[in-house]
Amino acid sequence: MTEKVALIGSGNWGSAVAKIVGGNVQKFDHFQNEVKMWVFEEQVDGQNLTEIINTKHENVKYLPGIKLPENIVACPDLIKTCEDATMLVFVVPHQFVASVCKQLKGKISPKCKAISLIKGVDVEENDNGFRLITDMIQDSLGIRACMLSGANIATEVAEERFCETTIGYRNREDGELFEAIFHTPTFRVNIVEDVVGVELCGALKNIIAIGGGLVDGLKLGDNTKAAIIRIGLYEMRKFAKMFYADVKDETFFESCGVADLVTTCAGGRNRKVAEAHVTTGKSFDQLEKEMLGGQKLQGTSTAKDMYGILSKKGLCKEFPLMTTIYRICYEDLPPIRIVEDI
Ligand SMILES: NC(=O)c1ccc[n+]([C@@H]2O[C@H](COP(=O)([O-])OP(=O)(O)OC[C@H]3O[C@@H](n4cnc5c(N)ncnc54)[C@H](O)[C@@H]3O)[C@@H](O)[C@H]2O)c1
Ligand SMILES: O=P(O)(O)OC[C@H](O)CO
């Protein structure tokens, strides 16, 4: 049987992975050539973004300057994008996943396999107080889900600068199938049997990235940044193991762990906006609109989601860095408290 891949999302990362997946499916006989990509339709200079992508083969809004393979077909209809697919790649900002899953329920093949490239969690009234995005996909659509996360700033990946990434799997066959559509000589995939560890690394690092940006805005220097990264890694591991005892220590040494923390605290959007928050005094919401050209910030909302869980469970004192970052973002705490309160 040949596999058919569909991409759900076409932002900065969605477009970068479209380039990789579009290229890789052409290398193997067991993948169909065409890859549909769901685009949340919008107008760019009076033209539909889907039409621009399908004629120029470039996502001029979210990944300008990068050519996409011609077998990537932009589609504004989510159901049509996915109805004949056997492999679904979820790559929308986390706040939109619930609505995507609701629309897809009952409309896809039960034989589909999924992978999430999304860094975030969904807040839920369950024992943990949150739900993993892979669990949300599995539970709402009745299909298995892997997770891909790593030190992967989209533009650098799209420019084919060497990096690594991690795929977490429950079923090794699924892990290997997704490895085939993502791995390239400049985007090196390692697969591990730890979906939850990979996913929590990706979600939680976005909070620590805000910390990295605050340190830059305060001009505290490299030693302080390294301290934030170390404490961040410690809190990420502690949180993951507290909620999921099976999460593996080794996962934190993969690209999705320590490497992503380093890259996100050096060059990510969360870092950039947090630095500007310190230097301009403007709110994160305002800066997201002014600086990101429609791209979405994930770190502040994840800080809020996690703080909600920590405070409900009386755990704030055990996670001083994540708690302080939340308070700086949402309670007007002066940024310097990032080093005073931890
Ligand atoms: N950009 C990166 O460097 C990078 C790297 C690795 C992982 N990620 C993760 O990938 C995920 C997707 O991020 P991205 O960078 O591709 O997106 P993005 O922030 O570049 O773009 C926002 C996207 O959301 C879409 N959108 C806006 N409103 C919407 C709605 N109501 N419903 C559905 N979609 C809507 C926009 O059309 C656009 O495609 C995030 O979880 C992010 O953390 C990003
Ligand atoms: O730009 P950010 O801060 O969303 O980070 C991008 C990637 O997650 C880095 O791996």
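Residues numbered from 1 in each chain as written. Chains lettered and ligands numbered in written order. Predicted model: local features only at pLDDT ≥ 70, side-chain atom pairs only at ≥ 80, totals over all residues. Heavy atoms only, no water.

An unreviewed UniProt entry lists the protein chain under the name Glycerol-3-phosphate dehydrogenase [NAD(+)], with Linnemannia hyalina as the source organism. UniProt's Catalytic activity (unreviewed entry) comment on the protein chain is quoted here verbatim: "sn-glycerol 3-phosphate + NAD(+) = dihydroxyacetone phosphate + NADH + H(+)". (UniProt positions renumbered as here; feature names shortened; annotations may be inferred.)

Looking at this model, I keep getting lost on the overall build of the protein chain. Mind explaining?
A count of helical and extended segments in the protein chain gives 15 helices and 12 strands. Relative to a compact globule of 342 residues, whose C-alpha radius of gyration would be 20 Å, the protein chain shows 19 Å and is just as compact. Dimensions of the protein chain along its principal axes, counting C-alpha atoms only, are 55 × 45 × 35 Å. The buried share among the 342 residues of the protein chain stands at 58%. Restricting the contact set of the protein chain to residue pairs at least 6 apart, pairs at least 24 apart contribute 71%. Of the roughly 14300 Å² of accessible surface on the protein chain, 49% is carried by carbon and sulfur atoms. (Helix = DSSP H or I, 4+ residues; strand = E, 2+ residues; numbered from the N terminus. Rg over C-alpha atoms; globule rule 2.2 N^0.38 Å. Buried < 20%, exposed > 50% of the residue type's maximum accessible area, 1.4 Å probe, protein only. Contact = heavy atoms within 4.5 Å. Areas by Shrake-Rupley, 256 points an atom, 1.4 Å probe, with all protein chains shown as cover.)

For this particular structure, what's the right way to read the site of ligand 2?
Neighbouring residues of ligand 2: Lys119, Gly150, Ala151, Asn152, Ile153, Lys205, Asp260, Thr263, Thr264, Gly268, Arg269 and Asn270. Here an oxygen atom of ligand 2 and a side-chain polar atom of Asp260 are 2.6 Å apart. At 2.7 Å from an oxygen atom of ligand 2 is found a side-chain nitrogen or oxygen belonging to Asn270. Here ligand 2 has 310 Å² of accessible area as a free molecule, and 92% of this is covered by the chains. The set of elements that each furnish at least two residues to the shell around ligand 2 consists of helix 10 (255-267) and helix 11 (269-280). Residue composition of the shell around ligand 2, by class: two nonpolar, six polar and four charged. (Near = heavy atom within 4 Å. Polar contact = N/O pair within 3.5 Å; in protein donor to acceptor, adjacent residues only side chain to side chain. Nonpolar A, V, L, I, M, F, W, Y, C, P; charged D, E, K, R; others polar.)

Can you walk me through the site of ligand 1 in this structure?
For ligand 1, the set of nearby residues contains 24 residues, the closest of which are Asn12, Trp13, Ala154, Lys296 and Gln298. The backbone of Gly14 places a nitrogen or oxygen atom 3.2 Å from an oxygen atom of ligand 1. For ligand 1, the accessible surface in isolation is 840 Å², of which the surrounding protein chains cover 90%. Of the residues contributing to the shell around ligand 1, the split by class is 12 nonpolar, eight polar and four charged. Of the domains in this structure, domain 1 (5-193) and domain 2 (197-340) are the two that each give at least three residues to the shell around ligand 1. (Domains from an automatic or database assignment.)

Explain the pattern of salt bridges here, please?
A side chain of one charge can pair with a side chain of the opposite charge if their charged atoms are brought near each other. Under the definition given, this model contains 24 salt bridges. For Arg131, the salt bridge identified is with Asp139, shortest N-O distance 3.6 Å. Residue class for Asp139 comes out exposed when judged on its relative accessible area of 53%. Where Lys241 meets Asp249, a salt bridge forms, and the shortest distance between an N and an O atom there is 3.3 Å. (Salt bridge = Lys/Arg side-chain N within 4 Å of Asp/Glu carboxyl O.)

Before we go on, may I ask you to explain the environment of Leu141 in this structure?
Secondary-structure assignment places Leu141 in helix 5 (residues 133-141). Leu141 gets classed as buried once you look at its relative accessible area, which sits at 12%. Taking C-alpha positions, Leu141 is 7.9 Å from Pro110, a pair spaced 31 residues apart along the chain. Ignoring anything within four residues of it in the chain, the contact list for Leu141 reads Phe90, Cys101, Leu104, Lys105, Ile108 and Met136.

What exactly am I supposed to notice about the UniProt feature "binding site: substrate" (unreviewed entry) in the protein chain here?
When the UniProt feature table is mapped onto this chain, "binding site: substrate" (unreviewed entry) is found at Lys119, Arg269 and Asn270. These annotated residues cover 152 residues of sequence, but their C-alpha atoms sit close together, with the largest distance between any two at 13.0 Å. Note that Lys119 resides in the loop between strand 7 (113-116) and strand 8 (121-123). In this structure Lys119 touches His94, Ser149, Gly150, Gly202, Ala203, Lys205, Asn206, Asp260 and Gln298, once residues within four positions along its chain are discounted. A polar side-chain atom of Lys119 sits 3.0 Å from the main-chain carbonyl oxygen of Gly150. On the basis of relative accessibility, which here comes to 6%, the residue Asn270 falls in the buried class. In this structure the side chain of Asn270 is engaged in a polar contact, spanning 3.3 Å, whose partner is the side chain of Asn206.

How should the packing of aromatic side chains be read in this particular structure?
According to the stated counting rule, one finds 10 aromatic pairs in the structure shown. With centroids separated by 6.0 Å and ring planes inclined at 75 degrees, the aromatic side chains of Phe28 and Phe31 adopt a geometry described as edge-to-face. Residue classification places Phe31 among the buried residues on the basis of a relative accessible area of 5%. Plain terms: the ring middles of Phe239 and Phe319 are 5.9 Å apart, the flat faces sit at 75 degrees to each other, and that makes the pair edge-to-face. You can see Phe239 sitting in helix 9 (residues 222-243) and its partner Phe319 sitting in the loop between helix 13 (299-312) and helix 14 (320-330), a full 80 residues away along the chain. With respect to class, Phe239 is no different from Phe319; both count as buried. (Phe/Tyr/Trp six-rings, centres within 6.5 Å; stacked < 30°, edge-to-face > 60°.)

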